[in-house]
Protein chains: 2
Amino acid sequence: MSVTVADVGERALIARLRARVGPPPAWVPVGIGDDAAVVRPARGALDVVTSDALIEGVHFRLAWTSPRDVGYKALAVSLSDLAAMGATPRAALLNLALPADLPLAVFDGLVEGFTGLAESVRAPLVGGNIARTPGPLALDCTALGSVRPRRTLTRAGARPGDRLYVTGALGAAAAGLALLSAGADRSTLGSAERDCIERYERPEARLRCGGIVGRSRSATACMDLSDGLADAARQVAEASGAGLIIDAGAVPIHPGVESWATRSGTAPLPVALGGGEDYELLFAVAPRQIRRFLAGVRHCKGLAVTSVGRVCSEVAGAWLERAGELEPLAGGFTHF
Amino acid sequence: MSVTVADVGERALIARLRARVGPPPAWVPVGIGDDAAVVRPARGALDVVTSDALIEGVHFRLAWTSPRDVGYKALAVSLSDLAAMGATPRAALLNLALPADLPLAVFDGLVEGFTGLAESVRAPLVGGNIARTPGPLALDCTALGSVRPRRTLTRAGARPGDRLYVTGALGAAAAGLALLSAGADRSTLGSAERDCIERYERPEARLRCGGIVGRSRSATACMDLSDGLADAARQVAEASGAGLIIDAGAVPIHPGVESWATRSGTAPLPVALGGGEDYELLFAVAPRQIRRFLAGVRHCKGLAVTSVGRVCSEVAGAWLERAGELEPLAGGFTHF
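In this report, the structure presented in the accompanying data block is examined. (Residues numbered from 1 in each chain as written. Chains lettered and ligands numbered in written order. Predicted model: local features only at pLDDT ≥ 70, side-chain atom pairs only at ≥ 80, totals over all residues. Heavy atoms only, no water.)

**A look at the state of the cysteines**
Alright, step 1. All chains considered together, the criterion is met by 0 disulfides over all chains.
Alright, step 2. Take Cys222 of chain B: it sits in no disulfide, and the sulfur closest to it among the cysteines is that of Cys209 of chain B, at 7.7 Å. (Disulfide = S-S within 2.5 Å.)

And the structure:
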């Protein structure tokens, strides 16, 4: 029998967690271990705050994904929200709901994955909570960031005539999840499909890209692709009161999606459009800002940015244009 | 069959929630409905941030407590953390993990309780997340507040010679929970015991008191009694590197605890010392600041403040003094 979290007790868990967290940086006068954390706002900046949950059996399975990657991802999804606002991370909080029989080694892995990413983006873990649960393991993360006024990216600013861009290649996380669900043996997969699994397990928040675009004020709207491009297009359309048209031939599809789809007899485009958890960014850019926008994102080394469509006033909502015809874009993942 | 959250779907749930939240105040340039919320920090102030979870079957039971009170309490416990730092609330986030068969009326009640309290303390709901869970209903709340530098109350400043004070009367929430667990019929209870249940279900964060004491800089340390006075004394002792001695005869015991304990053959003092969820405040106050401290808390109408002990250098940790003898203070509630 392995040692469980119940065996060591709540205080020992908190002590283990605190041992993983270094001394707080200068902008955190009171870190972990008081009633609440105190964080000095960045000078002249606004606070940006977001929170998200990962629940076992819904958002991840420990049978497929290592505790370390789950801990990493719990923070990464909130960092992606900061990236989509053009914000810089500043601090993070983690609420853990732990089944009593959770192995201590899993707890340690979760904490290691979370704090490792927190350190690397300079968003120290400053607080949170540990509770017992009769249900599945759950991680609730809150990320606090900062952004200068007028450099904030929102969903609401897209205007007819804007071009649409996405970062990266889409569908990877959905294909990675499908591969894991099907019990794929990673050692037998090609590198493109292995990369899909990696992208599902360790998504990279596009903080640098969001920050650069926010600072250059070259985008009118931005949203992350947590629930897929189709969903993001619908939400930006709704928030901006405009129509978004995605060009079917322009969507950048991850090569692992192409090869997985070919093998499994699936069409790759719906995966790239509807698959969630890519955590890439969708931008709307006014024509006169395109040069500035592209010059900015060129500083995000290794990150492709692709023109995928346009904003218009003739239709409302999100549409796919294929062979000159418009069809409604089917929505992304919803929880119920 | 009643309508469930799964029947209406995630988007409709979010729409219902947004309908309960008014337009954001001036200090919230981007409220609910974007990738993240944007909150303007209070001028010249620090951010204070805390998060907490309420899980059904661990922290509450819908069989005993109304959804509205559960929603209220999810925010109240985080507000209590802000109060203990001397902070003023500014915004709140709520992550809901919902079983698919949760009645829609329960969802509405949770949201109503949460947003009602949020409005009354001017901490608008600015974000969060709704997810399906195969496990129990859970509410994770993050509260964001502000405090001026050097007006922050922490656990770490208690010094030998300081006096200890608590607000309110203790043990009420523990007795209330015991009454609910025993299936007590509220209509047959006396008003003091009914008040215990009320204090368990709708704790009042001591925001005004914490704020006044913080502004007057008359306390050296503060902590809320979320896990009971004994636990708070231990934690303040540890954080401050001093000994805390509670005078057994001075602990203010809620009258409902006295009457419930008498009926059930329990000693009331251990309930008042060890019972969690009172959400009162423990202060350490230097002798030369006592007059100033008491003058400040006098502005919190209807809130008693009682001298319950002292800080010393002769012993470490938390102790109970009874008839001139010191005995170690037993710890409070822990989760594992």
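Structure's up, so let's keep going.
**Thoughts on the packing of aromatic side chains**
Residue and element names in this part refer to chain B.
Alright, step 1. With the rule as written, the count across this model stands at 4 aromatic pairs over all chains.
Alright, step 2. Here Tyr165 and Phe293 contribute two aromatic rings whose centre-to-centre distance is 4.9 Å and whose plane-to-plane angle is 45°, an arrangement assigned as tilted. Separated by 128 residues along the polypeptide, Tyr165 in strand E6 (residues 163–167) and Phe293 in helix H11 (residues 290–297) bring together distant segments of the chain.
Alright, step 3. Residue classification places Phe293 among the buried residues on the basis of a relative accessible area of 0%.
Alright, step 4. Between Phe283 and Phe293, the aromatic rings sit 5.2 Å apart at their centres with planes inclined by 65°, giving edge-to-face as the arrangement. (Phe/Tyr/Trp six-rings, centres within 6.5 Å; stacked < 30°, edge-to-face > 60°. Helix = DSSP H or I, 4+ residues; strand = E, 2+ residues; numbered from the N terminus. Buried < 20%, exposed > 50% of the residue type's maximum accessible area, 1.4 Å probe, protein only.)

**Quick notes on the relation of the copies chain A and chain B**
The pair of chain copies shares a relation made of a rotation about an axis and a shift along it.
Alright, step 1. Least-squares fitting of chain A to chain B yields an RMSD of 0.0 Å, with the superposition described by an axial translation of 0.0 Å and a rotation of 180°. In short, the pair behaves as if placed about a two-fold rotation axis. Considering only C-alpha atoms, the residue of chain A closest to the rotation axis is Gly135 of chain A, which sits at 2.1 Å.
Alright, step 2. A high fraction, 100%, of the interface residues of chain A reappear at the interface in chain B, so the copies pair face to face through one surface. (Least-squares fit on C-alpha atoms with pLDDT ≥ 70 in both. Contact = heavy atoms within 4.5 Å.)

**Here we look at a positive patch on the surface**
All names here are of chain A.
Alright, step 1. A cluster of basic residues, Arg148, Arg150, Arg151, Arg208, Arg215, Arg217, Arg292 and Lys301, forms a positive patch at the surface.
Alright, step 2. In this fold, Lys301 is placed in the loop between helix H11 (290–297) and strand E10 (305–312).
Alright, step 3. By relative accessible area, which is 81% here, Lys301 ends up exposed. (Patch = residues over 30% accessible without salt bridge, like charges linked within 9 Å, V, L, I, M, F, W, Y side chains within 5 Å. Areas by Shrake-Rupley, 256 points an atom, 1.4 Å probe, with all protein chains shown as cover. Salt bridge = Lys/Arg side-chain N within 4 Å of Asp/Glu carboxyl O. Lys, Arg positive; Asp, Glu negative; His and termini not counted. Charge placed at Lys NZ, Arg CZ, Asp CG, Glu CD.)

**Overview of the sheet that holds strand E9 (residues 281–285) of chain A**
Residues and elements named next belong to chain A.
Alright, step 1. With mixed pairing, 7 strands are arranged side by side in an open sheet as E7-E9-E6-E10-E8-E11-E12. Every other strand in the sheet has two partners, leaving strand E7 (221–224) and strand E12 (325–328) as the edge strands with one partner each. Strand-to-strand twist of the sheet, defined as the mean angle between neighbouring strand axes without regard to direction, takes the value 30°.
Alright, step 2. Note that strand E8 (residues 243–247) and strand E11 (residues 317–322) share 5 bridges and pair parallel. By the bridge assignment, Asp247 is partnered in E11 with Glu321.
Alright, step 3. Against the sheet, helix H3 (residues 67–84) touches E7 and E9, its axis set at about 175° to E7.
Alright, step 4. Where helix H8 (residues 229–240) meets the sheet, its contacts fall on strand E6 (163–167), E7, E8, E9 and E11, and the angle it forms with E7 comes to roughly 145°. (Pairing = 2+ DSSP bridges. Axes fitted to C-alpha atoms, helices over the stretch in contact; angles between N-to-C directions.)

**Considering the interface of chain A and chain B**
Alright, step 1. On the side of chain B, 64 residues touch chain A, which itself brings 64 residues to the contact.
Alright, step 2. Between chain A and chain B, the buried area comes to about 5,100 Å², and carbon and sulfur atoms account for 57% of it.
Alright, step 3. Ranked by residue count, the leading element in the side of chain A that touches chain B is strand E2 (residues 46–55) of chain A, at 9 residues.
Alright, step 4. In terms of residue class, the side of chain A that touches chain B is made up of 32 nonpolar, 17 polar and 15 charged.
Alright, step 5. Judged from the 3 bridges that link them, E2 of chain A and strand E1 (residues 37–39) of chain B form a sheet pairing that is antiparallel. Bridging across to E1 of chain B, Asp47 of chain A finds its partner in Val39 of chain B. (Buried area = accessible area lost by both parts, 1.4 Å probe. Nonpolar A, V, L, I, M, F, W, Y, C, P; charged D, E, K, R; others polar.)

**Concerning the pattern of salt bridges**
Any two side chains of opposite charge can pair, on the condition that their charged atoms come close.
Alright, step 1. Counted under the stated rule, the structure contains 32 salt bridges over all chains.
Alright, step 2. Here Asp34 of chain B ties to Arg155 of chain A by a salt bridge, and the two come within 3.7 Å at their closest N and O atoms. Placement of the pair is Asp34 of chain B in the loop between helix H2 (10–20) and E1 and Arg155 of chain A in the loop between strand E5 (138–147) and E6, with the two residues belonging to separate chains. Taken as a pair, Asp34 of chain B and Arg155 of chain A share a single burial class, namely buried.
Alright, step 3. The partner of Arg263 of chain B in a salt bridge is Glu193 of chain B, and the shortest N-O contact between them spans 2.3 Å. A residue pair is termed long-range when its members are at least 10 positions apart, and Arg263 of chain B in helix H9 (residues 255–264) and Glu193 of chain B in helix H6 (residues 191–201) qualify at 70 residues.
Alright, step 4. Residue classification places Glu193 of chain B among the buried residues on the basis of a relative accessible area of 6%.
Alright, step 5. Connected through salt bridges with shared partners, the residues Arg11 of chain A together with Asp231, Arg234 and Glu238 of chain B form a single ionic network.

**What to know about the side chain of Asn129 of chain B**
Alright, step 1. Locating Asn129 of chain B in the fold gives a position in strand E4 (residues 125–132).
Alright, step 2. Looking at Asn129 of chain B, the relative accessible area reads 18%, which means it is buried.
Alright, step 3. Residues in contact with Asn129 of chain B, not counting those within four places in the same chain, are Ser51, Asp52 and Ala53 of chain A together with Leu94, Asn95 and Leu96 of chain B.

**Topic: helix H4 (residues 104–120) of chain B**
Residue and element names in this part refer to chain B.
Alright, step 1. Here H4 is 17 residues long and its end C-alpha atoms lie 24 Å apart, about the 24 Å a rise of 1.5 Å per residue gives.
Alright, step 2. Within H4 the residues assigned to the buried category are Leu104, Val106, Phe107, Gly109, Leu110, Val111, Gly113, Phe114, Thr115, Leu117 and Ala118.
Alright, step 3. On the buried face of H4, the contacting elements are helix H1 (5–8), H2, helix H3 (67–84), strand E3 (88–98), E4 and strand E5 (138–147).
Alright, step 4. Phi turns positive one or two residues past the end of H4, at Arg122, with a value near 55°. (Expected span 1.5 Å × (residues − 1).)

**Side note on the sheet that holds E1 of chain B**
For sheets, the rule is that strands pair by backbone hydrogen bonds, running either parallel or antiparallel.
Alright, step 1. If you walk across this open sheet you meet the 5 strands as E4(A)-E3(A)-E5(A)-E2(A)-E1(B), and the pairing is mixed. If you trace the sheet from one side to the other, it starts and ends with strand E4 (125–132) of chain A together with E1 of chain B, each paired once. Between one strand axis and the next, the sheet turns by 20° as a mean value, whatever way the strands run.
Alright, step 2. Each of strand E3 (88–98) and E4 of chain A touches helix H2 (residues 10–20) of chain A; the most contacted strand, E4 of chain A, lies at about 155° to it.

**Details of the pairing of E6 of chain B**
Residues and elements named next belong to chain B.
Alright, step 1. Where burial is concerned, most of E6 is hidden: 4 out of the 5 residues are buried.
Alright, step 2. Across 4 bridges, the pairing between E6 and strand E9 (residues 281–285) is antiparallel. Residue Tyr165 lies in a different strand from E9, and its bridge partner there is Phe283.
Alright, step 3. Note: E6 against strand E10 (residues 305–312), 5 bridges, orientation antiparallel. In the sheet register, Arg163 faces E10, and the bridge partner there is Arg310.

**Points about unusual backbone geometry**
All names here are of chain A.
Alright, step 1. In this model, Arg217 sits at a positive phi of 50°, which is unusual for a non-glycine residue.
Alright, step 2. Relative to the helices and strands, Arg217 resides in the loop between helix H7 (207–216) and E7.
Alright, step 3. The partly exposed category is assigned to Arg217, whose relative accessible area is 43%.

**Overview of the environment of Ala230 of chain A**
Residue and element names in this part refer to chain A.
Alright, step 1. Within the fold, Ala230 resides in helix H8.
Alright, step 2. Here Ala230 falls in the buried class, since its relative accessible area comes to 0%.
Alright, step 3. Counting along the chain gives 89 residues from Ala230 to Trp319, while the straight-line C-alpha distance between them is 8.4 Å.
Alright, step 4. Here Ala230 is in contact with Leu273, Ala318, Leu329 and Ala330, once residues within four sequence places are set aside.

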